[in-house]
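Next come the chains, spelled out residue by residue.
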Amino acid sequence: MMRFHKACHRFSLSPLCHLSPPSPSLSLLLPPKLSGFSTLRTLRCPRVRRFSGNSLTTVTMSPRSASRLRCLASVCPGGAEDGGGSSSNGSVSASATATEDDELASGTGYRLPPPEIRDIVDAPPVPALSFSPHRDKILFLKRRALPPLADLARPEEKLAGVRIDGHCNTRSRMSFYTGLGIHQLLPNGTLSPEKEITGIPDGGKINFVTWSNDGKHLAFSVRIDENGNTSKPIVWVADVETGEARPLFKSQDIHLNAIFESFVWIDDSTLLVSTIPSSRGDPPKKPLVPSGPKTLSNEKKSVVQVRTFQDLLKDEYDADLFDYYATSQLVLASLDGTAKEVGLPAVYTSLDPSTDHKYLLVSSLHRPYSFIVPCGRFPKKVEVWTADGKFVRQLCDLPLAEDIPIASNSVRKGMRSINWRADKPSTLYWAETQDGGDAKVEASPRDIVYMQSAEPLAGEEPEVLHKLDLRYGGISWCDDTLALVYESWYKTRRTRTWLISPGSNDVSPRILFDRSSEDVYSDPGSTMLRRTAAGTYVMAKIKKEDDEGTYVLLNGSGATPQGNVPFLDLFEINTGNKERIWESDKEKYFETVVALMSDQKEGDLRMEELKILTSKESKTENTQYSLQLWPDRKVQQITNFPHPYPQLASLQKEMIRYQRKDGVQLTATLYLPPGYDPSKDGPLPCLFWSYPGEFKSKDAASQVRGSPNEFAGIGSTSALLWLARRFAILSGPTIPIIGEGDEEANDRYVEQLVTSAEAAVDEVVRRGVAHPSKIAVGGHSYGAFMTANLLAHAPHLFSCGIARSGAYNRTLTPFGFQNEDRTLWEATNVYVEMSPFMSANKIKKPILLIHGEEDNNPGTLTMQSDRFFNALKGHGALCRLVVLPHESHGYSARESIMHVLWETDRWLQKYCVPNTSDVDTSPDQSKEESDSADKVATATGGGNPEFGELEDHSKLRRSLLCLWPGLVTKGKCSIRMHLQKHGT
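Since this is a predicted model, take the numbers as computed values, not measurements.

How each quantity is defined
- Every chain is numbered independently, its residues counted from 1 as its sequence is written.
- Totals for whole chains, interfaces and linings use all residues, but because this is a predicted model, local features are given only for residues with pLDDT of at least 70 and pairs of side-chain atoms are given and counted only at 80 or more.
- Neither water nor hydrogens contribute to the side-chain values; these are computed over all heavy atoms in the structure.
- Here a helix means four or more residues in a row that DSSP labels H or I, a strand means two or more in a row labelled E, and each is numbered from the N terminus.
- Burial classes follow relative accessibility: with a 1.4 Å probe on protein chains only, a residue under 20% of its type's maximum area counts as buried, one over 50% as exposed, and anything between as partly exposed.
- What makes two residues a contact is simply this: any of their non-hydrogen atoms within 4.5 Å.
- Computed with the Shrake-Rupley method and a 1.4 Å probe, the accessible areas treat only the protein chains shown as cover for residues.
- Pairs of strands are assigned from DSSP output, requiring at least two bridges between the strands.
- Angles run from 0 to 180 degrees between N-to-C directions of axes, and those axes are lines fitted to C-alpha atoms, restricted for helices to the stretch in contact.
- The distinction between a cavity and a pocket rests on a 1 Å grid over the protein atoms alone: a 1.4 Å probe fits inside a cavity but cannot get out, while a pocket stays open yet meets protein on both sides within 12 Å along at least five of seven lines, and a residue with an atom within 4 Å of a point counts as lining.
- Grid points are joined across faces, edges and corners, and a volume is the space filled by probe spheres set on the points.
- When residues are grouped by polarity, Ala, Val, Leu, Ile, Met, Phe, Trp, Tyr, Cys and Pro land in nonpolar, Asp, Glu, Lys and Arg in charged, and all others, Gly among them, in polar.
- What a helix is expected to span follows from its residue count: subtract one and scale by 1.5 Å.
- Within this document, salt bridges are pairs made up of a side-chain nitrogen of Lys or Arg and a carboxyl oxygen of Asp or Glu, the two lying within 4 Å of each other.
- For this analysis, a polar contact is any N or O atom pair within 3.5 Å, provided that within protein one partner can donate a hydrogen and the other can accept it, and provided that sequence-adjacent residues contribute only side-chain to side-chain pairs.
- What we call a nonpolar core is a set of buried Ala, Val, Leu, Ile, Met, Phe, Trp, Tyr and Cys residues that are connected through their side-chain atoms within 4.5 Å.

A.B. asks: Lay out the overall build of the chain in plain terms, naming residues and giving numbers.
C.D. replies: What the chain contains, in helices and strands, is 15 helices and 54 strands. Across the 984 residues that make up the chain, the buried fraction comes to 58%. In the chain, once contacts between residues fewer than 6 apart in sequence are set aside, the share between residues at least 24 apart is 64%. Counting every atom, the chain has about 39100 Å² of accessible surface; 50% of that belongs to carbon and sulfur.

Written out as structure tokens, the structure reads:
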């Protein structure tokens, strides 16, 4: 559903959806996961390595037994407690003295950023929300702010790509809710007073919250702290009417096994729970003496290419440990307290009741396991059981899948995407590849979609539902007369939607939409879903008065050259005619359709009774939710969340457009501090924060994505935090890497990266909001890779860089990375030229590297930053490496996040803000500078190889400013002397 990602941190519309608390930071790729452990791992402070000039300092942090709060030292780079104000020209106040700064940077312990940043990050989070199945109640799920580092420091097992809290028998770092409250949604759209769910132990950690299908009960798990440890989770249920909660099982010795599946509602009074087997003993002990060497063999000469997966099984002991923690015993439990075990203990990964609740689709993993791929590729059985746990039949037993090709759209052989039809009782459907799962193999059809009843008659073969020439991407069901089948192909960006009649072989499938997935302007939107009485979701059919047409609702993002204007269209399936029945405000607000709210009745929805849930926000007003009722379009606002950071309520935001030198139109979002006036305050220091993307066409790359009216969400590590430090922020400037026709995007990666950055920097300098020599560049993950490359290949653009959790040497990811399908041996030059590690000798600007010590993202091993730092140090670069103990690819602990912000702020204050003396921009002086630059450009042939291809004199002038601070104020003679000194 369009823009559902933006609402999901507050709303869940599906009662069968297990809710896990969202990340407090919208800028992190992974949510923080909090959990309890029996014994703390050593609580350590960041490992910092810094190199400046010819000296290297390595600071080894010692363990601290005292409270974590003693590690926190409030350090304000501005010298004052309030972080310092802005100078008359709008720039940030200077940092501490050089001596003080060196002492702070080399000291032990975690640091705190200035108060103006810290206060935003520490703001209390708003609760998450979930609607009841009948849309008459809203559940408020309360959560805490950033977790302490102690939660991450607890022991964890890393097995088959899964990180496990062995004491709790759950995923490690699992986040949780702290309380539950229910509000009645009144007819006038207001909320009743909160009814708190009572009976939960004080300090209980709540997870996996689900509604029963009739909306009368809630089920969830609870963990409690016992003697400094967190207990294993127990399943609880709550009566929605009374608000009283109690454990589901009479015995307190029955614990939830939440490594994979937790529990599902079978009907309104029965749950199927994945429990820890009662017969399980102590964990297996690692042998002191190994039984033999670890051996990997490929004597059959199989071609097996895999990405750089992490946390894999290392030996047979790890395999035994994986079995120990992941094996579950399924238990059928009723609300009256009765319970019975069903099936044998196994590594169950999913439990899915059929639409009529008569059958179960049960998936499990089994040996032989693998040491080179994660558990998602282990051998897998899929079976059909009756709802009371009796075996019916085996659908498939898929072998170990180590050999899935790395090319995009390559898939596992055999049955995949096995599901129940949402609109029909006890009916299964799935896809099977016809190309062996290899996207490089030509085949027609490429995928076949099959359908079959849960218990077919003897000899009954699966029915072919549809054949596809692209890769199958799912089905939206409505009824026997209407379903939509999706297929796509990444290489060409082609996506197609087929209209089929599942119950009639006489009706030929036809293409409804055939377009490029990159072409956001042509996106017709996605069909809106309605809830059925069975609790499933199907396409909503709309009934218009005195009209026999077949109508559905298309919910679209409404991308236009002026920005997104979301819409809701009434679409006639047979004729293709559209009627726009709702559209977002274009001038001030950004609104979206979140869900249908008038789907309590069976059958088609009447247009005059339509009710939808919408969100509304602006540049300065945070998101609120409302109900809109037809036919008079009455609006009822149902939330009134406070502004999360009122100190930045009047920030300035603008979506800007500019052009790359090859004609590609680019966009970025420019943020300016509250009260900033460029005519009075002058240019600001600027933070450029981005993430490159791949495209197949210039036209698609030039399209505008996003809205100028969206609220500025500021996460705990967001670049927008530096608005509070009087920085201009250039957020998400588009950096399209384009490969048209047979050309691959990465064939000209560096060239397109540099020209995109040059265009963005030129634009903010032209506007007078960014000081040309005070622009820093930064990014996370692939954005860190971008940052290092820009400092290597475009040193004239930036004063310094911040690179977080990146990969810098692509030869360490030889079987593909990001969207690159070719191997190192197929595209050696691309791998080498794209790797900033290979250009470490060219990086002369200060670069700050930050990495989580436990990064488990494929490709971004912590070793990448370690080796890149050593390469930089080996060439005398000014660099600093900070390794965060216990942190993964995204950072979650409060101590870690605060320290990252302190490191970043210190770097910006030291190497961006004071980079040059202020430039006198009076008209006479500017003309003299321009004349001088013209003469220099003429004498040097118009450019310098170090600057790249400079097309005009203004670029050369800006580059000279960046390289030689104060150059312009010294006059023409000094310019010539500088040029002679540097051999130009």
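A.B. asks: Give a description of the sheet that holds strand 31 (residues 494-500) that names residues and reports values.
C.D. replies: The antiparallel open sheet is built from four strands, whose spatial order is 29-30-31-32. Both outer strands of the open sheet, strand 29 (471-479) and strand 32 (510-516), are each paired with one neighbouring strand and no more. Direction aside, the axes of adjacent strands within the sheet are offset by 15 degrees on average. Here strand 30 (residues 482-489) pairs with strand 31 via seven bridges, running antiparallel. Considered in strand 31, the bridge of glutamate 487 is made with arginine 496.

A.B. asks: Quick rundown of empty space enclosed by the protein? Include the residues and the values.
C.D. replies: This model, assessed by the stated rule, comprises ten cavities of 30 Å³ or more. Here the second largest cavity is characterised by a volume of approximately 160 Å³. What lines the second largest cavity is a set of 15 residues, and nearest its centre among them are Tyr490, Arg493, Glu744, Ala745 and Asn819. Taken together, the residues of the lining of the second largest cavity break down into three nonpolar, three polar and nine charged.

A.B. asks: Residues and numbers for helix 9 (residues 782-793), please.
C.D. replies: The first and last C-alpha atoms of helix 9 sit 16 Å apart over twelve residues, in line with the 16 Å expected at 1.5 Å per residue. Most of helix 9 is tucked away, with twelve of its twelve residues classed as buried. Those residues of helix 9 that fall on the buried side of the exposure criterion are Tyr782, Gly783, Ala784, Phe785, Met786, Thr787, Ala788, Asn789, Leu790, Leu791, Ala792 and His793.

A.B. asks: How would you sum up the pattern of salt bridges? Please name residues and give values.
C.D. replies: A full pass over the atoms with the stated rule returns 49 salt bridges. Between glutamate 156 and arginine 173 there is a salt bridge, with its nearest N and O atoms 3.0 Å apart. You can see glutamate 156 sitting in the loop between helix 4 (149-152) and strand 7 (157-159) and its partner arginine 173 sitting in the loop between strand 9 (170-171) and strand 10 (179-184), a full 17 residues away along the chain. Of the residues examined, arginine 173 reaches a relative accessible area of 8% and is grouped as buried. Across the pair lysine 413 and aspartate 403 runs a salt bridge, and its minimum N-O distance is 3.8 Å. Of this pair, lysine 413 sits in the loop between strand 24 (391-398) and strand 25 (415-420) while aspartate 403 sits in the loop between strand 24 and strand 25, placing them ten residues apart in sequence.

A.B. asks: Go over the side chain of serine 212 with me, naming the residues and quoting the values.
C.D. replies: Positionally, serine 212 belongs in the loop between strand 12 (205-211) and strand 13 (217-223). Looking at serine 212, its side chain comes within polar contact range of the side chain of aspartate 214, at 2.6 Å. Among the polar contacts made by the side chain of serine 212, one reaches the main-chain amide nitrogen of lysine 216 at a distance of 3.3 Å. Excluding residues that lie within four positions of it along the chain, serine 212 makes contacts with Pro133, His217, Trp265 and Asp268.

A.B. asks: Describe the pairing of strand 31, with residues and values.
C.D. replies: Counting buried positions along strand 31 gives six out of seven residues, so the element sits mostly inside the fold. Hairpin connection, strand 30 to strand 31: the antiparallel pair is bridged by four residues, and arginine 493 has positive phi, about 65 degrees. Sheet topology places strand 31 next to strand 32; six bridges connect them, and they run antiparallel. Across the sheet, tryptophan 498 pairs through a bridge with isoleucine 511, a residue of strand 32.

A.B. asks: Hey, could you go over the nonpolar core for me, with residue numbers and the actual values?
C.D. replies: Counting residues in each nonpolar core, the largest one holds 63 residues, and the members touching the most others are Phe688, Leu790 and Phe798. With sequence-adjacent residues up to four places away left out, leucine 790 is seen in contact with Phe688, Leu753, Val754, Ala757, Val777, Pro795 and Phe798. Judged by nonpolar contacts, the second largest core, of 40 residues, contains Tyr645, Leu720, Leu721 and Val882.

A.B. asks: Can you lay out helix 8 (residues 749-766) for me, pointing to particular residues and giving the numbers?
C.D. replies: Given a rise of 1.5 Å per residue, 18 residues ought to cover 26 Å, and the 26 Å separating the end C-alpha atoms of helix 8 matches this to within 8%. Across the 18 residues that make up helix 8, a large majority, 13, are buried. Backbone geometry just after helix 8 places glycine 768 at a positive phi near 80 degrees.

A.B. asks: If you had to explain the side chain of threonine 614 to someone new, which residues and values would you point to?
C.D. replies: By the element assignment, threonine 614 lies in strand 42 (residues 611-618). Every residue in contact with threonine 614, bar those within four places of it in the chain, is listed here: Trp582, Thr592, Val593, Val594, Gln624, Tyr625, Ser626 and Gln628.

A.B. asks: How would you explain the sheet that holds strand 7 if you had to name every residue and give the values?
C.D. replies: What the three strands build is an open sheet, ordered 7-8-9; its pairing is antiparallel. Because the sheet does not close on itself, it has two edges, and the strands there are strand 7 and strand 9. Across two bridges, the pairing between strand 8 (residues 162-165) and strand 9 is antiparallel. Across the sheet, aspartate 165 pairs through a bridge with threonine 170, a residue of strand 9. Seen against the sheet, helix 5 (residues 316-326) touches strand 7 and strand 8 and runs at an angle of roughly 105 degrees to strand 7.

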